[in-house]
Amino acid sequence: MFQQFDKLFIPFITAGDPNEELTIDLALILEKCGASAIELGVPYSDPLADGPVIQQASIRARRNGMNIEKAMELAYKMKERGLKIPIILFTYFNPVLQLGEKYFFTLMEKNRLEGLLIPDLPFEESGWMRKKCDEHGIYFISMVAPTSYNRIKKIAENAAGFLYCVSSLGVTGERQSFDERVSDFISHVKKYSEVPVAVGFGISSNEHVKKFFKISDGVVVGSAIVKQIEKLIPLLTNANTKQSGLQEFERFINGLLH
Amino acid sequence: MFQQFDKLFIPFITAGDPNEELTIDLALILEKCGASAIELGVPYSDPLADGPVIQQASIRARRNGMNIEKAMELAYKMKERGLKIPIILFTYFNPVLQLGEKYFFTLMEKNRLEGLLIPDLPFEESGWMRKKCDEHGIYFISMVAPTSYNRIKKIAENAAGFLYCVSSLGVTGERQSFDERVSDFISHVKKYSEVPVAVGFGISSNEHVKKFFKISDGVVVGSAIVKQIEKLIPLLTNANTKQSGLQEFERFINGLLH
Amino acid sequence: GRFGEFGGKYVPETLMKPLYELEEALKDALSDSSFQQQYHQMLQKYSGRPTALTFADQLTKHVGGANIFLKREDLNHTGAHKINNAIGQALLSKRMGKKKLIAETGAGQHGVASATVAAKFGMDCKVFMGEEDIDRQRLNVFRMQLLGAEVVPVTSGNKTLKDAVNEAIRYWVQHCEDHFYLMGSAVGPHPYPMMVREFQRIIGDEAKEQFFNEFGKLPDVVIACVGGGSNAIGMFTPFLEEDVKLIGVEAGGKGVETSEHAATITKGTKGVIHGSMTYLLQNQYGEIIEPYSISAGLDYPGVGPEHAYLAKIGRVVYESVTDEEAIAALETLAKTEGILAAIESAHAVAKGIEVAKTLSNEQSILICLSGRGDKDVHTLMKTKGGVENGF
Amino acid sequence: GRFGEFGGKYVPETLMKPLYELEEALKDALSDSSFQQQYHQMLQKYSGRPTALTFADQLTKHVGGANIFLKREDLNHTGAHKINNAIGQALLSKRMGKKKLIAETGAGQHGVASATVAAKFGMDCKVFMGEEDIDRQRLNVFRMQLLGAEVVPVTSGNKTLKDAVNEAIRYWVQHCEDHFYLMGSAVGPHPYPMMVREFQRIIGDEAKEQFFNEFGKLPDVVIACVGGGSNAIGMFTPFLEEDVKLIGVEAGGKGVETSEHAATITKGTKGVIHGSMTYLLQNQYGEIIEPYSISAGLDYPGVGPEHAYLAKIGRVVYESVTDEEAIAALETLAKTEGILAAIESAHAVAKGIEVAKTLSNEQSILICLSGRGDKDVHTLMKTKGGVENGF
């Protein structure tokens, strides 16, 4: 689905943060700014691959009653409100497991979700899930990390949609700079990948975006965006200032990209 | 020294309780009431053979600055004030030890003390001390207890002054009643003793005194007297009421004996 | 890396390499007699193994029924079985050239064990501990600091054990190249459950040998408490192939019919927690439910995957004991045997007493006394109303 | 009943018979192999003996000099050497047909050990404890109660250990026919010092054998802390006839040049305390002076008469270590070896570190680690300013 873009820009937002309505508003702005797809995060009680910014967003969203089922319905509502770009459901494995295979895929299809990213389901554990996604026409997004080494080939060759290349060790969250070896790592990954390679984890400035647009097929931006949303909550959640909040968000995203 | 009396009445008082002056006053009253000798207790930090009443008297006396040396000087003052009956120094062993043999006996003689009773110096440990007392013409008072059994003969045969017969197991202090076996015990002791046998520990009523006057040569009364003194402290230590306090004490002693 | 349908490695991609490395190093170490010798020598000369097998004659007399034996893990250095595993993993870490340890802790027991081995091996040690737990367990925090460890307060989630594990994993993801994650129970992604089992099976190996040497047979029943389940898996492993009834005892808290318990196998459902497929306490959306037990060491929402498997195939029976029953057993054991058990271990004792009554005096029950109760005296005092109440 | 000019039986006449009986029973028991077997079996199967001999490799490296070895009495059931003696005396009491135990306790360690053996042997136990100490050691009071013992508050004197002994003796005088006085240290009238030595020499016997079996020789120096001196006499006894330097370490408190210490041999004078001729802290009138040490277990104004004798004849050197030096040694040991020593034992460690520096790495020092420091964590926290001060 992603090969048609020049460079991919895949923003992450947490479903229900700060509320359902605004999640849709924000997604539409992201599309307007040129997003290639939306990574829609399901808030979870134990998000062990996430840094503090996305953890906080999870807490806010769960306080609003968000859960995996509602998050999936939110994708449908986005499409209803006119979102055209693909939506990738970002969720830990356990919520998926609890919905059960059949119900989960029913919800994926019903809610018009195009992709699935499960950060705690590595290649070795995801065979069955990749197969099921294939059957249902859903892109199962695979990740490779700097520590993946001799597993890169296998993962890359089996990638669907795009290949999520983790920039560096650690959880999600902003980073000041990146290890110089990251270029080598990305070009190594690209050798094996038949799908675009997007880099994520820590990308938080225009400088970063430009750097990775040069050496990869695109970027995933999570914490930087979620942090901006957190900052804008007072504006966004007040009816009088909501519009200026959304404008501010749009300016932020444009600043990041251009 | 004691064979001249019909029945011995040996009261115990703590030196310096409630104060030096009163200790002398009380001793003189005891003599007036018919005491055969005074057992003058040296207050000690760790009186492990004593019950709570004499422990408390020790604490009061030590607060007044009493110690073994002053207690011995107090004996001298009693004699100066006209006391005729013998005075037996009652002291734990350690204070004696710290004064040193030579100085201790110098003090005994200088202060006209006729007897010595060391509750934590049993027969086996007291050979040397008994010999020294002999040399200095001081009666070393020995004790026998209901648990002395086969040691009674040896102790009794070596007794000087009188033989202190412990009425029952336990420390000093009043007792409601005595084991029936006490008579057998006393008559057993008397068989071996060439000196009078006085019974002590727990004798606290006229009834007790009469009982033991019948079956032994006398009694030692400690806690009952010390307790009475404690009760009279408010009267005794007030110049206006001191005399009535002493009269009260005299009445108490007479009541005990007759 | 599987126990039937349980276990696995449900972790971020970054951790796959350190887990493979660990698996490799572990396999290599376990088959290297010099490593085995080092490990056993440390257990013997440092931790005081073999621990005693005590015949609880007074308890047996008091209860009436089967003879009750106690495997005395409370006599280990630092007071519980935790040190067996900590020694094993620290030695492995050293062998892998990693001189920095990461550990999580709830009540502080595994934290203390980790800090202890880190000191003895001259390693750095960071212990992740929920802020709530830090508040409740200041003495253990101080002990870890005294041993030279850094205690890292965890402020995420409910600020308890589960979150300490999350945070330790997060830290590990970032520092996996030179840090070793010393996990305290038979949980987590493969090879952790297997590794912890191998470093704890000394409990069962010794107990089996001690019992057999003395009586020429095996006990009829073996009982151990189950939180994450490390002492239980260590105790059960050598008996799995034998004709011995095995009972794992979960924390029933205020009763498994209430919402306040930690009876993961009894009441939980299958899912993924801390990188492993197992039973856990969760809601319909797979969100983890905070468990409850008076015993901090059993207060874990998941359970080691091998226990989930052993429950599923029926080889081990898992039952639960309430707070109240555990405390009563603790008191009975103290008064009859002069042994102050950890509240965790008292769960096993409670079940042992119950089972002993149903057996004859020709039969024997072996209970794993996983730790001592000194750490619990504060909790007990609160429960019993303290010295003043003439307890 | 004498060690040179020291020892003896300075007690009320009433106690002479029970002391003779005890002497007789002890002699009889010690020469009875079935008693010896019972005693050793209890030590092994209940208390977890033999305790480990640990090479403190990291401490040795840190200090530089002699090799330092630790005899790990901290690994005993209830956490210190006290249990060796409590087991021995309780067995003897049972043998004498006395089913009621009396014990004194200061900080509560011997009280807990006594309550423990009373529970295990199905005996009654009364523990006399100063009111001051009860206030300071509520957790240990609760532990004793949990074990079924009655804790009797002592309100006489300074309401501390010395007075608890006095009160226990007073109670014993009254109940000597059916009660056994289980004394906690190598003090008191004959045969107590000898009896406690015989029930504690297992420490030295084991350590000597362990060391010899491993190195084919004996250590050059053996060090133990001395309060009443039971762990020290137990450790020293098997080495008395050997060419080994023996050092007893007293509590120097705030310095032996101040009035706040418990250095009985170093600074005391000869006298009688608790029925025995020995060195003690006293004034010119023979009144006993309350000692001071940060360590509750060394805070005793007298010392075992055999130590007085060994000091007098010069076989053992007695030196002192201050509070500050002991705490520093405790911290060093924790950080280098992962062992949290009792503050008592830390006095021996401090001296060991000092001595090790003066020796070569061909020489060895054996230190008796008499107990674990869990009980002292509160005191340490107060001393160090606690978790908050970033300690």
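Computed from a predicted structure; not experimentally measured.

**Student:** Would you take a moment to explain helix H14 (residues 343–357) of chain C for this structure?
**Tutor:** For an α-helix, 3.6 residues make a turn, and residues three or four places apart therefore share a direction. Compared with an ideal rise of 1.5 Å per residue, which puts 15 residues at 21 Å, H14(C) spans 21 Å between its outermost C-alpha atoms and is within 8% of the ideal. Burial analysis of H14(C) places 13 of its 15 residues in the buried class, which makes it a mostly covered element.

**Student:** Mind showing me how you'd approach the interface of chain A and chain C here?
**Tutor:** Of the residues lining the interface, 37 residues belong to chain A; the matching set on chain C comes to 36 residues. Buried area between chain A and chain C, both sides added, is near 2,900 Å², and the carbon and sulfur share of it is 53%. Linking chain A with chain C are four salt bridges. Taking the shortest distance from any N to any O, the salt bridge between Lys162(C) and Asp46(A) comes out at 2.9 Å. Inspection of the chain A/chain C interface yields 22 residue pairs in polar contact (both at pLDDT 80 or more). Elements that contribute at least two residues to the side of chain A that touches chain C include exactly helix H2 (52–63), helix H3 (68–80), helix H4 (93–99) and strand S6 (142–144) of chain A. With five residues, the top contributor of residues to the side of chain A that touches chain C is H4(A).

**Student:** It is not clear to me how the pairing of strand S10 (residues 245–253) of chain C should be interpreted in this structure. Could you clarify?
**Tutor:** Here is the key point about a regular strand: its side chains alternate between the two faces of the sheet. Residues and elements named next belong to chain C. With eight of its nine residues buried, S10 lies for the most part within the structure. Bridge analysis of strand S9 (residues 221–225) against S10 gives five bridges, and the strand direction is parallel. Within S10, the residue paired with Ile223 across the bridge is Ile247. Handedness of the S9-helix H10 (residues 230–236)-S10 crossover: right-handed. In the sheet, S10 pairs with strand S13 (residues 316–322) via seven bridges, with the strands oriented parallel.

**Student:** Help me out: how do you make sense of the pairing of strand S11 (residues 269–273) of chain C in this one?
**Tutor:** Residue and element names in this part refer to chain C. Strand direction decides the pairing type here: S11 and strand S12 (residues 276–280), joined by five bridges, are antiparallel. Directly across from Ile273, in S12, lies its bridge partner Ser276. Connecting S11 to the antiparallel partner S12 that follows it, the hairpin turn spans two residues, and His274 within it adopts a positive phi of roughly 45°.

**Student:** Help me understand the sheet that holds strand S6 (residues 124–130) of chain D, please; the structure alone is not making it clear to me.
**Tutor:** Residue and element names in this part refer to chain D. The four strands lie next to each other as S7-S6-S5-S8, forming an open sheet whose pairing is parallel. The sheet terminates laterally at strand S7 (150–154) and strand S8 (179–181), the two strands that pair on one side only. On average, each strand axis in the sheet is inclined to that of its neighbour by 25°, with strand direction left out of account. Note that strand S5 (residues 100–105) and S6 share six bridges and pair parallel.

**Student:** Would you mind showing me how to read the environment of Ile13(A) here?
**Tutor:** Residues and elements named next belong to chain A. Inspection of the secondary structure puts Ile13 in strand S1 (residues 8–14). Residues Ile13 and Ile152, spaced 139 residues apart in sequence, show a C-alpha to C-alpha distance of 27 Å. Not counting residues up to four positions away in its chain, the partners in contact with Ile13 are Thr23, Ala27, Leu30, Ile38, Glu39, Leu40, Gly41, Met78, Ile225 and Ile229.

**Student:** I tried to follow the packing of aromatic side chains on my own but got confused; where do I start?
**Tutor:** The geometry of two aromatic rings is summed up by the distance between their centres and the angle between their planes. Going through the model one piece at a time under the given rule, you end up with 38 aromatic pairs over all chains. Seen in terms of ring centroids, Phe104(A) and Phe105(A) are 5.2 Å apart; in terms of plane orientation they differ by 75°. Their pairing is edge-to-face. Judged on exposure class, the residue Phe104(A) and its partner Phe105(A) are both buried. For the ring pair Phe128(D) and Tyr171(D), a centre distance of 5.4 Å and an interplane angle of 50° mean the geometry is tilted. Residue Phe128(D) is located in strand S6, and its partner Tyr171(D) is located in helix H8 (residues 161–175); the two are separated by 43 residues in the primary sequence. By the ring-pair criterion, three or more aromatic residues cluster together here, those being Phe12(A), Tyr44(A), Phe90(A) and Tyr92(A). Of note, Arg72(D) hangs over the ring of Tyr46(C), and the distance from its end group to the ring centre comes to 5.6 Å.

**Student:** Please explain the sheet that holds strand S9 (residues 221–225) of chain D as it appears in this structure.
**Tutor:** Pairing between the strands of a sheet comes from backbone hydrogen bonds, and it takes one of two forms, parallel or antiparallel. Residues and elements named next belong to chain D. Strand order in the open sheet formed by six strands is S3-S4-S14-S9-S10-S13, with mixed pairing between adjacent strands. With one partner strand each, in any of the chains shown, strand S3 (53–55) and strand S13 (316–322) form the two edges of the open sheet. Adjacent strand axes in the sheet meet at a mean angle of 25° when their direction is disregarded. Sheet analysis places S3 next to strand S4 (residues 67–72), joined by three bridges and oriented antiparallel. Bridge pairing links Leu53 to Lys71 in S4. Here helix H13 (residues 323–337) sits on the sheet and contacts S3, S4, strand S10 (245–253), S13 and strand S14 (364–369); the angle it forms with S13, its principal contact strand, is near 90°.

**Student:** Sorry, what's going on with the interface of chain D and chain C here?
**Tutor:** Where the parts come together, the accessible area they lose is often given as the size of the interface. Counting residues at the interface gives 51 residues for chain D, matched by 51 residues for chain C. Here chain D meets chain C over a buried area of about 4,200 Å², counting both sides, of which 58% is carbon and sulfur. Applying the counting criterion to the chain D and chain C interface returns ten salt bridges. The partner of Arg143(D) in a salt bridge is Asp374(C), with the nearest N and O atoms 3.3 Å apart. Our count for the contact surface shared by chain D and chain C stands at 26 residue pairs in polar contact (both at pLDDT 80 or more). For the side of chain D that touches chain C, the secondary structure elements donating two or more residues are helix H2 (33–45), S3, helix H3 (57–63), helix H5 (109–120), helix H7 (138–146), H13 and helix H15 (377–384) of chain D. Here the element with the most residues in the side of chain D that touches chain C is H7(D); it accounts for seven residues. Here the residues of the side of chain D that touches chain C sort into 21 nonpolar, 15 polar and 15 charged.

**Student:** Would you take a moment to explain unusual backbone geometry for this structure?
**Tutor:** When glycine is set aside, most residues are seen to have a negative phi, and most peptide bonds are trans. Residues and elements named next belong to chain D. In this model, Arg49 is joined to Pro50 through a cis peptide bond whose omega is 0°. By the element assignment, Pro50 lies in the loop between H2 and S3. A cis amide bond links His190 to the next residue, Pro191, at an omega of 10°. Along the chain, Pro191 falls in the loop between S8 and helix H9 (192–215). In the Ramachandran plot, Lys159 falls in the positive-phi region, its phi being about 60° despite a non-glycine side chain. We classify Lys159 as partly exposed; its relative accessible area is 28%.

**Student:** Quick question: what am I supposed to make of the relation of the copies chain D and chain C here?
**Tutor:** Rotating chain D by 180° and translating it 0.0 Å along the rotation axis places it on chain C, where the RMSD comes to 0.0 Å. Given the turn and translation reported, the copies of this chain are related as if by a two-fold rotation axis. Within chain D, the C-alpha atom positioned nearest to the axis of rotation is that of Leu75(D), 3.0 Å from it.

**Student:** Help me out: how do you make sense of the pattern of salt bridges in this one?
**Tutor:** Proximity of charged atoms lets side chains of opposite charge pair with each other. Applying the stated rule across the entire model yields 110 salt bridges over all chains. Between Lys98(C) and Glu21(C) there is a salt bridge whose closest N-O contact spans 3.7 Å. With a gap of 77 residues between them, Lys98(C) in the loop between helix H4 (82–95) and strand S5 (100–105) and Glu21(C) in helix H1 (residues 16–30) connect regions that are remote in the sequence. Look at Lys98(C) and you get buried, because its relative accessible area is 8%. Residue classification places Glu21(C) among the partly exposed positions, given a relative accessible area of 31%. Salt-bridge contacts for Asp178(D) lead to Lys100(D); the nearest nitrogen and oxygen are separated by 3.7 Å. Residue Asp178(D) is found in the loop between H8 and S8, and its partner Lys100(D) is found in strand S5; the two are separated by 78 residues along the sequence.

**Student:** Sorry, what's going on with the UniProt feature "active site" (unreviewed entry) in chain A here?
**Tutor:** When the UniProt feature table is mapped onto this chain numbering, "active site" (unreviewed entry) sits at Glu39(A) and Asp50(A). The topology assignment puts Glu39(A) in strand S2 (residues 38–41). Leaving out residues up to four positions away in the same chain, Glu39(A) has contacts with Ile10(A), Pro11(A), Phe12(A), Ile13(A), Ile88(A), Phe90(A), Leu117(A), Tyr164(A) and Val220(A). Residue placement: Asp50(A) occurs in the loop between S2 and H2. Asp50(A) gets classed as buried once you look at its relative accessible area, which sits at 2%. If sequence neighbours within four positions are ignored, Asp50(A) has contacts with Gln55(A), Phe90(A), Tyr92(A), Val171(A), Thr172(A) and Arg170(C). A distance of 2.9 Å separates a polar atom in the side chain of Asp50(A) from a polar atom in the side chain of Thr172(A).

Scoring rules and cut-offs
Residues numbered from 1 in each chain as written. Chains lettered and ligands numbered in written order. Predicted model: local features only at pLDDT ≥ 70, side-chain atom pairs only at ≥ 80, totals over all residues. Heavy atoms only, no water. Helix = DSSP H or I, 4+ residues; strand = E, 2+ residues; numbered from the N terminus. Expected span 1.5 Å × (residues − 1). Buried < 20%, exposed > 50% of the residue type's maximum accessible area, 1.4 Å probe, protein only. Contact = heavy atoms within 4.5 Å. Buried area = accessible area lost by both parts, 1.4 Å probe. Salt bridge = Lys/Arg side-chain N within 4 Å of Asp/Glu carboxyl O. Polar contact = N/O pair within 3.5 Å; in protein donor to acceptor, adjacent residues only side chain to side chain. Pairing = 2+ DSSP bridges. Right-handed = clockwise from strand over helix to strand, strands pointing away. Axes fitted to C-alpha atoms, helices over the stretch in contact; angles between N-to-C directions. Phe/Tyr/Trp six-rings, centres within 6.5 Å; stacked < 30°, edge-to-face > 60°. Lys NZ or Arg CZ within 6 Å of the ring centre and 35° of its normal. Nonpolar A, V, L, I, M, F, W, Y, C, P; charged D, E, K, R; others polar. Least-squares fit on C-alpha atoms with pLDDT ≥ 70 in both. UniProt positions renumbered as here; feature names shortened; annotations may be inferred.

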